[in-house]
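Listed here are the chains, written in short residue letters.
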Amino acid sequence: MYVLAIDTSNQSLGVALLEGDRLIAHLTTNIAKNHSERLMPAINQLMEEIQLTPDELEKIIVAKGPGSYTGVRIGLSTAKSMAWALDIPIIGVSSLEVLAWQGRFFHGYVCPFFDARRGMVYTGLYRWKNDRMVSVEPDINILMDEWLTKLTAYQEDILFLSPDIETYQTAILQKMGGRAVIPDGPFGIANASHLAWAGMHKQAESVHHLTPSYLRLAEAEAKWIKKQKECQENG
């Protein structure tokens with residue numbers, strides 16, 4: 001069984017192909033360029049290199065956010081279009097869960113997060129259990145200071161993983177002290193092979209019902225709703 005994994009939910013772009021549980025090809029870039037221009041060429045490149053045709057794909061797994069609104073939409077629309085055209089199952093996986101997979105060998109809690117600006121983060125709390133990354137605290141959009149206060153209740157070490165780790169490293173260490181584990185090296189870039197493994201045993205979803213996990217409204221949409229509410233209140 002050949003599985004295609006697609007992640008464009010944040011700055012990094014990742015595509016992976018698995019045969020069963022075996023990774024056979026993957027491509028990752030971490031540059032600030034439009035995913036819409038590079039995603040299909042990346043998919044085509046991998047499939048051509050291993051001489052795989054679209055009709056040989058049996059499943060598509062896609063990162064459904066949170067992250068960049070545009071990036072999430074690009075990945076989901078591409079994955080859904082391919083799944084619909086090929087009539088194969090599609091599975092959506094939290095982008096935070098995908099990032100947390102980098103901590104699957106850590107004996108403690110794993111806290112992945114993405115910067116959401118103005119002191120806010122997209123985050124959640126996970127733990128590796130029975131060969132699965134299990135959600136301990138659901139994904140949320142929250143002030144980092146408020147989130148760290150909540151995490152102080154956990155009495156075990158917590159591994160923090162993020163492409164934005166430098167932005168919050170000082171705050172994390174001040175709040176969590178010695179229970180905060182911040183690894184050296186590039187441990188904050190999501191990997192499409194992790195996405196594939198994370199979604200391999202999840203339940204497939206209807207193409208029409210699979211929706212993005214933004215965790216909050218886009219700024220323009222939030223302003224529109226606020227304006228409509230003000231208009232209603234003012235008669």
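This is a predicted model, so every value here is computed, not measured. (Residues numbered from 1 in each chain as written. Predicted model: local features only at pLDDT ≥ 70, side-chain atom pairs only at ≥ 80, totals over all residues. Heavy atoms only, no water.)

### Side note on the sheet that holds strand E10 (residues 180-181)
Ordered in space as E8-E7-E6-E9-E10, the five strands form an open sheet in which the pairing is mixed. The open sheet has two free edges, formed respectively by strand E8 (132-143) and E10, since each of these has just one partner strand. Looking at chain direction, strand E7 (residues 120-129) and E8 are connected through nine bridges and run antiparallel. Looking across to E8, one finds that Met120 is bridged to Leu143. The strands touched by helix H4 (residues 144-151) within the sheet are strand E6 (109-117), E7, E8 and strand E9 (158-161), with E8 carrying the most contacts at an inclination of about 140 degrees. (Pairing = 2+ DSSP bridges. Helix = DSSP H or I, 4+ residues; strand = E, 2+ residues; numbered from the N terminus. Contact = heavy atoms within 4.5 Å. Axes fitted to C-alpha atoms, helices over the stretch in contact; angles between N-to-C directions.)

### Here we look at the pattern of salt bridges
Counted by the stated rule, this structure contains five salt bridges. For the salt bridge of Arg127 with Glu156, the shortest nitrogen-to-oxygen distance reads 2.7 Å. With Arg127 in strand E7 and Glu156 in the loop between H4 and E9, this pair connects stretches of sequence that are 29 residues apart. Of the residues examined, Arg127 reaches a relative accessible area of 26% and is grouped as partly exposed. Classification of Glu156 by relative accessible area gives partly exposed; the value is 31%. (Salt bridge = Lys/Arg side-chain N within 4 Å of Asp/Glu carboxyl O. Buried < 20%, exposed > 50% of the residue type's maximum accessible area, 1.4 Å probe, protein only.)

### Examining the environment of Glu166
Structurally, Glu166 can be placed in helix H5 (residues 165-176). Of the residues examined, Glu166 reaches a relative accessible area of 72% and is grouped as exposed. Sequence separation between Glu166 and Glu19 is 147 residues; the distance between their C-alpha atoms is 36 Å.

### A closer look at the environment of Leu99
Residue placement: Leu99 occurs in helix H3 (residues 95-100). Judged by its relative accessible area of 0%, Leu99 is buried. Separated by 23 residues in sequence, Leu99 and Leu76 place their C-alpha atoms 18 Å apart.

### Considerations on the sheet that holds strand E3 (residues 22-29)
Strand order in the open sheet formed by five strands is E3-E2-E1-E4-E5, and the pairing between neighbours is mixed. Looking at strand neighbours, the two that pair on one side only are E3 and strand E5 (90-93), the edges of this open sheet. This sheet shows a mean twist of 15 degrees between the axes of neighbouring strands, independent of strand direction. For strand E2 (residues 13-19) and E3, the ladder comprises seven bridges, and the chain directions are antiparallel. Looking at E3, one finds that Glu19 is bridged to Arg22. Relative to E2, helix H1 (residues 35-49) is tilted by about 25 degrees, and along the sheet it contacts strand E1 (2-7), E2, E3 and strand E4 (57-63). Helix H6 (residues 192-199) rests against E1, E2, E3, E4 and E5 of the sheet, and its axis sits at about 50 degrees to E2.

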